[in-house]
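Given next are the chains, with one letter for each unit.
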Amino acid sequence: MGSAALRTLDRLDLAPRYREADAVRLNHMFRGRDTVEMLTVLLNENMLGDAAIVSSFGAESAALLHLIGSIDPDIAVLFLETGKHFPETLAYRDQLIERIGLTNLRNISPDAGTLAEKDTTGLRWSYDPDGCCEIRKVLPLRAALAPFDAQFTGRKAFQSKTRTALPRFEVEEGRLKVNPLADWDRAAIDAYMTAHDLPVHPLVAQGYLSIGCAPCTSIVKPGEDPRSGRWRGWDKVECGIHTPVDTHGMDDPIF
Ligand code: SF4
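Caption draft 1: Spatial organisation of the pairing of strand S5 (residues 169-172). By the alternation rule, side chains of S5 split into Phe169 and Val171 and Glu170 and Glu172, which are all buried. In this structure, S5 lies alongside strand S6 (residues 175-178), joined through 4 bridges in antiparallel fashion. Residue pairing for S6: Val171 is matched across the bridge by Leu176. Hairpin geometry of S5 and S6 is characterised by an intervening segment of 2 residues between the two adjacent antiparallel strands and by a positive phi of about 50° at Glu173.

What follows is the structure, encoded as C-alpha cells:
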C-alpha cells in the first residue's frame, strides 16, 4: 500500500463500531482499486476489527469465499441454516469449505422455541414469507453478528434493479457492511471461478441463478434479472437481512 493511503488510514480513526462517515471515507479511499488489492489491505492491515463473511453458499458464493479465504482462511463464515435449504446447497457448502480451506464455518440455526411458537407447521413461508425470514434469518443473524464489527456480503449491483446503486461499503446498525463484489458483473465472476477452478452450485445448470431456501426459489427465465426467481409471486425482493441500498458517498457506485 502506498504512503498516501497509509496516511489516509491514520486519519480514519476507525472505532470498533462504525458511522456513516466511515463508509463514505472507505468508498472514496478504495474507489477504482482492484478488489483483491482492497481485500488484502483491509484484512492484512486489520482495518475492519472482527469481521465475518455471511454466505448463502448460493450460485455466486464461491468467488467471494475464495477471494477472502485466500487471504484469511480462518475468518468466520456465517451460514444461515434455515432448515429450508436445498440438499444440494448443504452439500455445496461442505464442498466449498473443504476446497477453499476455510476453517471457521458457523452454521446459524433459528431458535427452536421461536420456531415451535411461530412456525408450528413449518409452512409459514407459504402465507407469511416476511415473518418466516424474520425468525429463520433476520433474528438468528442479528444475534450471530453481535460480536462482529464488520461483515462481508456477496451482493452485486447487477443482481437486480434494487441493487444497482450498491456501494462497496455501507454502515448498518453501527456495523460496517463490505460488498467486495459490488462492481463485478456476471462475466467477471465466471472468469474468476474458471481461473481458480471453483465448483459451480449444482442447481445452476438447471436454471437457478439466485439460490436461497428451496420453497422460495424458482428457475430464472431468459431475460429476467437473476433474483427474479426469489419469492416469485410475492412483493418481496430481500429477505430482511439487507436494507434498501444507499450510495454512501459514491457519485457513481458502479466504479
Ligand atoms: S427464504 Fe422462504 S423459507 Fe427461507 S426463511 Fe425466507 S420465507 Fe422462510
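Caption draft 2: Local environment of the pattern of salt bridges. Per the stated rule, a full pass over the model turns up 12 salt bridges. Notably, a salt bridge pairs Arg186 with Glu60, separated by 2.6 Å at the nearest N-O pair. Residue Arg186 is found in helix H9 (residues 186-195), and its partner Glu60 is found in the loop between strand S1 (51-54) and helix H4 (61-69); the two are separated by 126 residues along the sequence. Overall, Glu60 belongs to the buried group, its relative accessible area being 8%. Between Glu172 and Lys177 there is a salt bridge, with the nearest N and O atoms lying 3.1 Å from each other. Each of Glu60, Lys156, Arg186 and Asp190 takes part in a single network of salt bridges with overlapping partners.

Conventions we followed
- Residues numbered from 1 in each chain as written.
- Predicted model: local features only at pLDDT ≥ 70, side-chain atom pairs only at ≥ 80, totals over all residues.
- Heavy atoms only, no water.
- Buried < 20%, exposed > 50% of the residue type's maximum accessible area, 1.4 Å probe, protein only.
- Helix = DSSP H or I, 4+ residues; strand = E, 2+ residues; numbered from the N terminus.
- Pairing = 2+ DSSP bridges.
- Salt bridge = Lys/Arg side-chain N within 4 Å of Asp/Glu carboxyl O.

These values are about where atoms sit, not about what they do.
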